[in-house]
Amino acid sequence: MRILFVAVLFFLPSLASAQILFNEVLLSPAPERFIELYNSGDTDIDLTGWYIQRKTATGSTFVSLVSSSKFENKIIKARGYFLISRSALLDSDIALDNLSLTESNILHLKDSEREVVDQIEWTTVDEGKSYQKLATGEWVIGESTPRTHNIQEGDLQPLSVASDNINTAIISGDVTSGVSNNQKILIGCPTSQHKEYS
């Protein structure tokens, strides 16, 4: 099955906003669907006023996926995870019966100033697999790991990585048993420098 996945990071003046990022997404099976955020900073962050928007392949505009009212008085701990799920999965921070994620979606994470903090985009995905961000900044496909560290680099075969002058991560390839072949990943970096892996 062919996969294309893009994650774009928008770096803002606000340190609080810049440290809250998409960390993992599982689309199917639907009852296990979730979006995981990660706070890479050293301070707890109040997510009041934050929200997530979604645009489908046929949509012309972004619409509300997780409204700001759901984030009211919610805190994401320093170096901690924040789980938004279709059901009460592992004591989710937000559980939404109508959490809708399908093929060819784009998600925007916005802060209380209505600024885009992070973005994820994908096309086709395999059931039961999630997109996960490693500590290195690489995005990989593997077994889901809600509320825990994502899979380690050694759990998948090495992926070829190319550099680019934009903050974009792209994964494309054929997926068999959770291991992607012929993949190309462009790593989003918080500076203008990008590292090349092979």
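Look up: the structure comes first, before these words.
Enquirer: Teacher, can you tell me more about unusual backbone geometry here?
Expert: When glycine is set aside, most residues are seen to have a negative phi, and most peptide bonds are trans. Following Ser 28, the chain continues into Pro 29 via a peptide bond in cis, with omega recorded as 5°. Inspection of the secondary structure puts Pro 29 in the loop between strand E2 (20-26) and strand E3 (34-39). The residue Ser 104 is not glycine, and still its phi comes out positive at about 60°. Tracing the sequence through the fold places Ser 104 in the loop between strand E9 (94-95) and strand E10 (106-110).

Enquirer: Looking at this structure, I do not really get the packing of aromatic side chains. What am I missing?
Expert: We describe a pair of aromatic rings using the distance from one ring centre to the other and the angle between the two ring planes. Following the criterion strictly, the structure yields two aromatic pairs and no others. Taking the centre distance of 5.1 Å and the plane angle of 45° together, the rings of Tyr 38 and Tyr 81 count as tilted. Here the residue Tyr 38 occupies a position in strand E3, and Tyr 81 occupies one in strand E8 (residues 81-85), the gap between them amounting to 43 residues. Note on Phe 71 and Phe 82: the rings are 5.7 Å apart at their centroids and 20° apart in plane angle, and the pair reads as stacked. Here the residue Phe 71 occupies a position in the loop between strand E6 (63-66) and strand E7 (75-76), and Phe 82 occupies one in strand E8, the gap between them amounting to eleven residues.

Enquirer: What exactly am I supposed to notice about the nonpolar core here?
Expert: Where a protein is soluble and globular, its nonpolar side chains tend to be buried together. Membership of the largest hydrophobic core comes to 29 residues, with the highest contact counts inside it found for Phe 71 and Ile 84. Elements with a minimum of two residues in this core: E2, E3, E6, E8, E10, strand E11 (116-122) and strand E13 (139-143). Excluding residues that lie within four positions of it along the chain, Ile 84 makes contacts with Arg 33, Phe 34, Ile 35, Ile 52, Val 66, Phe 71, Ile 94, Leu 96 and Leu 99.

Enquirer: Could you clarify how one ought to interpret the sheet that holds E9 in this entry?
Expert: What links the strands of a sheet is backbone hydrogen bonding, and the strands pair in either a parallel or an antiparallel sense. A sheet is described by the order of its strands in space; here six strands give the open sequence E9-E8-E3-E2-E12-E13, paired in mixed fashion. For this open sheet the edge positions go to E9 and E13, each flanked by a neighbour on one side alone.

Enquirer: What is the right way to look at the side chain of Lys 110 in this model?
Expert: The residue Lys 110 is located in strand E10 in this model. Although buried, Lys 110 forms no salt bridge, and the nearest oppositely charged side chain, Glu 115, lies 8.2 Å from it. The residues contacting Lys 110, other than those within four sequence positions of it, are Trp 50, Tyr 51, Gln 53, Glu 115, Val 116 and Val 117.

Enquirer: Looking at this structure, I do not really get the pattern of salt bridges. What am I missing?
Expert: Where charged atoms from two side chains of opposite charge come close, those side chains can pair. Applying the stated criterion across every chain yields a total of four salt bridges. As a salt-bridge pair, Arg 147 and Asp 93 come within 2.5 Å of each other at their nearest N and O atoms. Taken as a pair, Arg 147 in the loop between E13 and strand E14 (160-162) and Asp 93 in the loop between E8 and E9 lie far apart in primary sequence, 54 residues in all. Exposure remark for Arg 147: the relative accessible area of 27% places this residue in the partly exposed category. A relative accessible area of 22% places Asp 93 in the partly exposed class. The salt bridge involving Lys 129 is made with Glu 143; its shortest N-O contact spans 2.4 Å. Here the residue Lys 129 occupies a position in strand E12 (residues 129-133), and Glu 143 occupies one in strand E13, the gap between them amounting to 14 residues.

Enquirer: How should I be thinking about the side chain of Ser 28 in this particular structure?
Expert: Note on placement: Ser 28 falls in the loop between E2 and E3. Using a relative accessible area of 18% as the deciding quantity, one classes Ser 28 as buried. In this structure, Ser 28 is in contact with Asp 126, Glu 127, Gly 128 and Lys 129, ignoring residues within four places of it in sequence.

So, how was this worked out
- Residues numbered from 1 in each chain as written.
- Predicted model: local features only at pLDDT ≥ 70, side-chain atom pairs only at ≥ 80, totals over all residues.
- Heavy atoms only, no water.
- Helix = DSSP H or I, 4+ residues; strand = E, 2+ residues; numbered from the N terminus.
- Phe/Tyr/Trp six-rings, centres within 6.5 Å; stacked < 30°, edge-to-face > 60°.
- Core = buried A, V, L, I, M, F, W, Y, C linked by side-chain atoms within 4.5 Å.
- Buried < 20%, exposed > 50% of the residue type's maximum accessible area, 1.4 Å probe, protein only.
- Contact = heavy atoms within 4.5 Å.
- Pairing = 2+ DSSP bridges.
- Lys, Arg positive; Asp, Glu negative; His and termini not counted.
- Salt bridge = Lys/Arg side-chain N within 4 Å of Asp/Glu carboxyl O.

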